[in-house]
Each structure stands twice: as C-alpha cells, then as structure tokens.
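Each chain, written out:
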Amino acid sequence: MNDRLHSVLAQRGVSPESLADVCEVDPKTVSRWLGGRVPHARHRFRVARHLRVEETFLWPAPPRRSGQARDGSGTGVVGTYQNRASVPREVWLSLLREAQHEISVLVFSGTFFAQSNPHVAKMLSERAAEGVRVRLCFGDPNGQAVAIRGREEGIGDTLAAKIRASLTYYRPLLGEAGCAVRLHDTTLYTSMFRYDDNLLVNPHIWGQPASANPLLHLKRTEGTGWFDSYAQSFDSVWAAARPWTPDHERTAAHGQD
C-alpha cells in the first residue's frame with residue numbers, strides 16, 4: 001500500500017477517479033498506484049503537481065544498488081519548494097512519524113512547527129520513548145542575534161515574544177529521556193529540520209520571514225554532500241547553545257520590562 005498517496009488524496013479531498021481523469025488513465029490504474037505500484041515518470045509528475053507535493057515524497061527513490069552510478073551533482077537535493085509555507089502539512093507529519101533515530105530542529109521561533117500541529121510535543125515525546133533522539137534548538141529571546149533579526153525584519157521585539165510563545169508548547173518535554181531543548185544566540189543563516197537521513201533546509205533571505213523563503217529537501221548521499229555540511233553546522237550551533245530553563249527565562253523577561 002502507498003500510505004502516503006492515500007493520505008495526501010484524503011487531505012486534498014481528491015478522489016481516485018478524479019486523479020485518474022487528471023492523469024488520463026483508467027481508475028483501475030490509480031487503484032494499482034494506491035496498492036503500491038510505481039507509476040511511469042510522466043504520471044508521477046502529473047500526480048505530484050496536481051496534489052502540490054514533492055514527487056519523491058509520494059515515491060521515495062529506491063536504495064542504490066552496489067555499483068550503480070552515483071548522482072553526479074553529489075548535493076543530495078531530492079526536492080524544492082518555492083517557500084516553506086507551501087510545504088504540505090502531511091509532509092511534516094509523515095517525516096516526524098517515520099523518524100527512527102533522530103529529530104533535530106534549528107530555528108529562531110519555529111512558531112508554525114507547533115501551531116500547524118498542536119500535538120507536536122506529544123508526538124515528539126512518543127518518538128523519544130521509542131528511542132529517537134530529539135533535539136530542539138530555538139533562538140535565545142534575550143540574545144543579540146534575535147534582536148538583530150527582529151530589526152532586520154522590521155518587527156522589533158515581536159520575534160522574541162514569538163519565541164517565548166513557541167517554547168510553551170515544548171515545556172512537557174523537559175526532563176523527558178531522549179529530549180533536549182536549547183537556546184542559541186547565533187546568526188541563523190538557515191533553519192533546519194532533520195528526520196534521520198531527510199533534512200529540510202530553509203535558507204534565510206535578508207529582511208524576510210523564514211516562511212517566505214525557499215526550502216530544500218535534502219537526503220544523505222554516499223560521500224560528503226550538502227546534507228553532511230548542514231548537519232555539521234547544526235551540531236556546531238547545538239554545542240554552543242545553552243539548555244532552556246523556563247524559570248530563568250521568565251525572570252530575565254520581567255527584568256527587561
């Protein structure tokens with residue numbers, strides 16, 4: 001069964017029959033796709049475009065066979081989105097559910113991450129209970145990097161307030177085995193969302209909110225590609241970040257009033 005295709009069709013309110021019309025195939029053919037058969041390339045393209053989702057999300061690339069030619073680019077890019085806001089909610093949820101080893105997030109506020117999924121803390125807790133390492137790294141609301149970014153976006157102290165609001169969703173994770181929440185005071189060039197060997201990279205354009213900027217879907221490749229470079233940069237920021245202590249943040253915030 002292609003559970004992802006089933007899920008996206010249901011989310012979009014698209015029936016198998018209407019998808020068959022779009023692709024100009026018999027409805028039985030769509031039934032076979034739902035059953036696990038991989039369509040021809042031209043049909044995969046049409047389906048992905050019609051459902052507004054990455055083709056590789058619906059039909060992930062099969063593992064490379066021994067001796068098979070390596071992707072000449074070596075970048076590991078498997079998909080792109082015009083902006084982060086255009087990434088379907090089901091993509092975020094599926095990647096989170098399917099992670100087996102690691103979930104790592106690097107953002108300033110990451111407000112959308114919780115607001116688009118009010119059960120995110122519970123889901124992260126469940127993944128951690130099954131052995132997944134969860135690392136969440138937010139901007140320090142009292143730090144210089146957040147203050148500078150707020151001025152660049154023309155929103156002043158609003159970014160710091162958004163971070164404090166976003167953090168409240170993750171308070172239940174404090175003290176949970178396998179979960180850690182830290183605050184960084186780093187110039188953030190890119191927001192990152194890692195799920196095992198999948199990495200969603202959201203580069204920042206000066207003066208624009210992250211949601212309006214492009215997003216790249218990277219997958220770890222043989223050898224050193226973009227995935228490893230970004231993963232290493234996450235580890236560097238994480239190592240310099242400090243653990244989030246809510247009581248300290250509340251005291252610091254009142255001290256600025």
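Residue numbers run consecutively from 1 along every chain, following the written order of its sequence. Thresholds applied to this predicted model are a pLDDT of at least 70 for local features of residues and 80 or more for the giving and counting of side-chain atom pairs; totals over whole chains, interfaces and linings are not thresholded and use all residues. To get the side-chain values, take all heavy atoms of the structure and skip hydrogens and water.

Points about the overall build of the chain
In this description a helix means any DSSP run of H or I spanning at least four residues, a strand means any run of E spanning at least two, and both kinds are numbered starting from the N terminus. The helix and strand tally for the chain stands at 12 helices and 8 strands. Partly exposed residues are those whose accessible area sits between 20% and 50% of the maximum for their type, while under 20% is buried and over 50% is exposed, using a 1.4 Å probe and protein chains only. Residues classed as buried in the chain amount to 46% of the 257 residues present. Intrachain contacts of the chain at a sequence separation of at least 6 include 72% that bridge at least 24 residues. Accessible surface computed for the chain: about 13300 Å², of which carbon and sulfur atoms make up 52%. Contacts are assigned to residue pairs that have any heavy atoms within 4.5 Å of one another. The Shrake-Rupley method, run with a 1.4 Å probe, gives the accessible areas here. Residue values count only the displayed protein chains as cover.

A word on the pattern of salt bridges
Salt bridge criterion: a side-chain nitrogen from Lys or Arg within 4 Å of a carboxyl oxygen from Asp or Glu. All told, the structure shown has 14 salt bridges when counted by the stated rule. A salt bridge links E126 to K122, with the nearest nitrogen and oxygen atoms 2.5 Å apart. Of this pair, E126 and K122 both sit in helix 8 (residues 120-129), 4 residues apart, roughly one helical turn. Using a relative accessible area of 37% as the deciding quantity, one classes E126 as partly exposed. The salt bridge partner of D140 is R242, with a shortest N-O separation of 3.1 Å. Here D140, found in the loop between strand 3 (133-139) and helix 9 (144-153), pairs with R242, found in strand 8 (residues 242-243); they are 102 residues apart in sequence, far enough to count as distant.

Looking at the sheet that holds strand 5 (residues 190-195)
Picture the strands of a sheet paired through backbone hydrogen bonds; they go either parallel or antiparallel. Strands are treated as partners if at least two bridges between them are detected by DSSP. Strand order in this open sheet of 8 strands is 1-7-6-5-2-3-4-8, and the pairing throughout is mixed. Of all the strands in the sheet, the pair left with one neighbour each is strand 1 (77-81) and strand 8. Inspection of the sheet shows strand 2 (residues 102-106) paired to strand 5 by 4 bridges, in the antiparallel sense. Opposite V105, over in strand 5, you have F193 as the bridge partner. Structural elements are reduced to axes, namely lines fitted to C-alpha atoms, with helices fitted over the stretch in contact, and the angle between N-to-C directions of any two is expressed from 0 to 180 degrees. Seen against the sheet, helix 6 (residues 89-98) touches strand 1, strand 2, strand 5, strand 6 (198-203) and strand 7 (215-219) and runs at an angle of roughly 50° to strand 5.

Some remarks on helix 4 (residues 41-51)
Taken as a whole, helix 4 has its buried residues at H43, V47, A48 and L51. Looking straight down helix 4, one finds that the buried residues subtend no more than 130° of arc, so they occupy a single side. Seen from the buried face of helix 4, the exposed residues on the opposite side, beyond 90 degrees, are R42 and R49. Contacts made by the buried residues of helix 4 are with helix 1 (3-12), helix 2 (16-23), helix 3 (27-34) and helix 5 (55-58). Directly after helix 4, the chain includes R52, whose backbone phi takes a positive value near 60°. This arc corresponds to the set of directions leading from the helix axis out to the C-beta atoms.

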